[in-house]
Amino acid sequence: MDLRNKVVLITGAGKGAGAALARAFAEQGALVALNDISPINVEQVAAEITAKGGKAKAYVEDIAKKVGVQYVIKGVEDDFGGMDILVNHAVVKPHTTLLDVDEWDWHRTLDVNLTGAFLTIQSAG
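Bear in mind that the values here come from a model prediction, so they are computed numbers and not experimental data.

Rules of the game
- Residues numbered from 1 in each chain as written.
- Predicted model: local features only at pLDDT ≥ 70, side-chain atom pairs only at ≥ 80, totals over all residues.
- Heavy atoms only, no water.
- Pairing = 2+ DSSP bridges.
- Helix = DSSP H or I, 4+ residues; strand = E, 2+ residues; numbered from the N terminus.
- Axes fitted to C-alpha atoms, helices over the stretch in contact; angles between N-to-C directions.
- Contact = heavy atoms within 4.5 Å.
- Core = buried A, V, L, I, M, F, W, Y, C linked by side-chain atoms within 4.5 Å.
- Buried < 20%, exposed > 50% of the residue type's maximum accessible area, 1.4 Å probe, protein only.
- Right-handed = clockwise from strand over helix to strand, strands pointing away.

Section: the pairing of strand S3 (residues 55–60)
Piece 1. Across six bridges, the pairing between strand S2 (residues 31–36) and S3 is parallel. Among the inter-strand pairings, Asp-36 is bridged to a residue of S3, identified as Val-60.

Here it is as C-alpha cells:
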C-alpha cells in the first residue's frame, strides 16, 4: 500500500509502540497526526518526525472524553484536510492486580481502552 501523503491519526502515540508506529508511517511518507494525553512525549515524537523531513503534528487531548476526541478529529481535518487511516493505540494498564484495582482505575481503564476507541471511530466516521 502506498502511504505517501495519506493522513494517519494515531492515538497513544507519545511513547512505546504508538510512537514507533508514528515513525514507521512517517518513514513511508504518511502525514502523521499524533495524539496523547501528555504533551511531553508526543510533541517530541512529532518534532523528531519533522526534523527528519516528515510532516507530523501533535494533538494533546484525552480521547476518553467526547469533546477531546472531537477536538482532535476537527484539528486533523483542519490541518490535513481529512483522515485516511485511524490507529486506536491509546491504552491504560492498571498497575496493580485485579483484586487490588480501585474503582477509579477500573473506570479509567474502560474509558480509555473501550470508550476512547469507540468515540474516536464514531467521530472519525
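Let's pick the thread back up.
Let's talk about the sheet that holds S2
Piece 1. A sheet is described by the order of its strands in space; here four strands give the open sequence S3-S2-S1-S4, paired in parallel fashion. With one partner strand each, in any of the chains shown, S3 and strand S4 (85–87) form the two edges of the open sheet. With strand direction ignored, the average angle separating the axes of adjacent strands in the sheet is 15 degrees.
Piece 2. Across the sheet, helix H3 (residues 66–80) lies against strand S1 (7–11), S2 and S3, angled at about 155 degrees from S3, the strand it touches most.

Things to note about the nonpolar core
Piece 1. Grouped together as the largest cluster of nonpolar side chains are 19 residues, with contacts concentrated most on Val-8, Ile-10, Ala-22, Phe-25, Val-32, Leu-34 and Ile-49.
Piece 2. At the level of elements, S1, helix H1 (16–27), S2, helix H2 (39–51), S3 and S4 are the ones that each hand at least two residues to this core.
Piece 3. Residues contacting Val-8, with those up to four places away along its chain left out, are Phe-25, Ala-30, Leu-31, Val-32, Ala-33, Ile-85 and Val-87.
Piece 4. Membership of the second largest hydrophobic core comes to 15 residues, among which are Ala-33, Val-69, Ile-73 and Phe-80.

Side note on the pairing of S2
Piece 1. Counting buried positions along S2 gives six out of six residues, so the element sits mostly inside the fold.
Piece 2. Of the two faces of S2, both are covered, the one formed by Leu-31, Ala-33 and Asn-35 as well as the one formed by Val-32, Leu-34 and Asp-36.
Piece 3. With five bridges connecting them, S1 and S2 associate as parallel partners. Each bridged residue has a counterpart across the sheet, and for Leu-9 the counterpart in S2 is Ala-33.
Piece 4. In the classification by handedness, the crossover that spans S1, the intervening H1 and the parallel S2 is right-handed.
Piece 5. Crossover connection from S2 via H2 to parallel S3: handedness right-handed.

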